[in-house]
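Residues per chain are reported as follows:
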Amino acid sequence: MTKTELINRQRRFEWDLAREEHAREAAKLVAGKTHDLLNLVQIVKLATFQLEKRCDATGQEFVADLERAAADAEASLRSLMEVARPEQVVVRGAPVGPTVAAILDELRPTIPITLHLAIGPETATQLSADELSHLVLGLALDAAAAPLIELYVRDRRIHGVPWVEIVRGTALPPPEGDLPFDLRAVEALVTRAGGELSQSERRGGGSELVIALPAIDSAG
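Peer 1: Mind laying out the overall build of the chain, listing which residues take part and the relevant values?
Peer 2: Secondary structure assignment for the chain yields five helices and five strands. Ordered by position from N to C terminus, the α and β elements of the chain give α-α-α-β-α-β-β-α-β-β. On the principal axes, the C-alpha backbone points of the chain span a range of 85 × 40 × 30 Å. Going through the 220 residues of the chain one by one, you find that 35% of them count as buried.

Printed below as a string of structure tokens:
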């Protein structure tokens, strides 16, 4: 696969991610507006409670209609809220080590990368095999012009909590005038998995990009 084909593959994935993010933002907006409407329904219910104490028989029928309408509206809005703001479930993704090794085997003919694995064979994050593959592809494309790329994938424990650390190091800066590939998909995936991304200069030249992702045990 050529570099152009790899870039096109990553761009298609970015478009899919963008659509998903837009859907999430729309759902958040619907959830917020639904919450506001539920507050208004509660006000109507409180008002009908007070009206019920003060109305004659004819008025009681009107109040009963208001109560039914408010109850129906509340039920509908709560159903809409469940759709717009579903329960967040943490799902165990693909084993990181084997998945990264597999995508690098595919990339090396086009973008040579040295892989250093120090991670258990079953260690996983929230990312699926496809998402991990695109994360690694983004890292590779971003440094494709560097004369040497190293990828370190390892288990870490931070304050007793298991994490996965993915470090991409380049020993030398890319040729002058070369533009790096953007990391939009990588950043979106790291955020989705509850992780962090940072970049810094490497001692002796080059740069280092570090991704830390929470590890998910076999029980989820």
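So, next bit.
Peer 1: Quick rundown of the nonpolar core? Include the residues and the values.
Peer 2: Where a protein is soluble and globular, its nonpolar side chains tend to be buried together. Residues Leu-107, Leu-135, Val-136, Leu-139, Leu-151, Ile-166 and Ile-211 are the most contacted members of the largest nonpolar core, which totals 38 residues. Counting residues per element, the ones that place at least two in this core are α1 (3-54), α3 (96-107), α4 (129-142), β2 (149-158), β3 (161-170), α5 (184-192) and β5 (207-214). Ranked by residues supplied to this core, first place goes to α4 with seven residues. Dropping the residues within four chain positions of it, Ile-166 is found in contact with Leu-135, Leu-139, Leu-151, Tyr-152, Val-153, Leu-209, Val-210, Ile-211 and Leu-213. Among the nonpolar cores identified, the runner-up in size contains six residues, and Leu-38, Ala-70, Leu-77 and Met-81 belong to it.

Basis of the calculations
- Residues numbered from 1 in each chain as written.
- Predicted model: local features only at pLDDT ≥ 70, side-chain atom pairs only at ≥ 80, totals over all residues.
- Heavy atoms only, no water.
- Helix = DSSP H or I, 4+ residues; strand = E, 2+ residues; numbered from the N terminus.
- Buried < 20%, exposed > 50% of the residue type's maximum accessible area, 1.4 Å probe, protein only.
- Core = buried A, V, L, I, M, F, W, Y, C linked by side-chain atoms within 4.5 Å.
- Contact = heavy atoms within 4.5 Å.

Any link to function would need more than the numbers given here.
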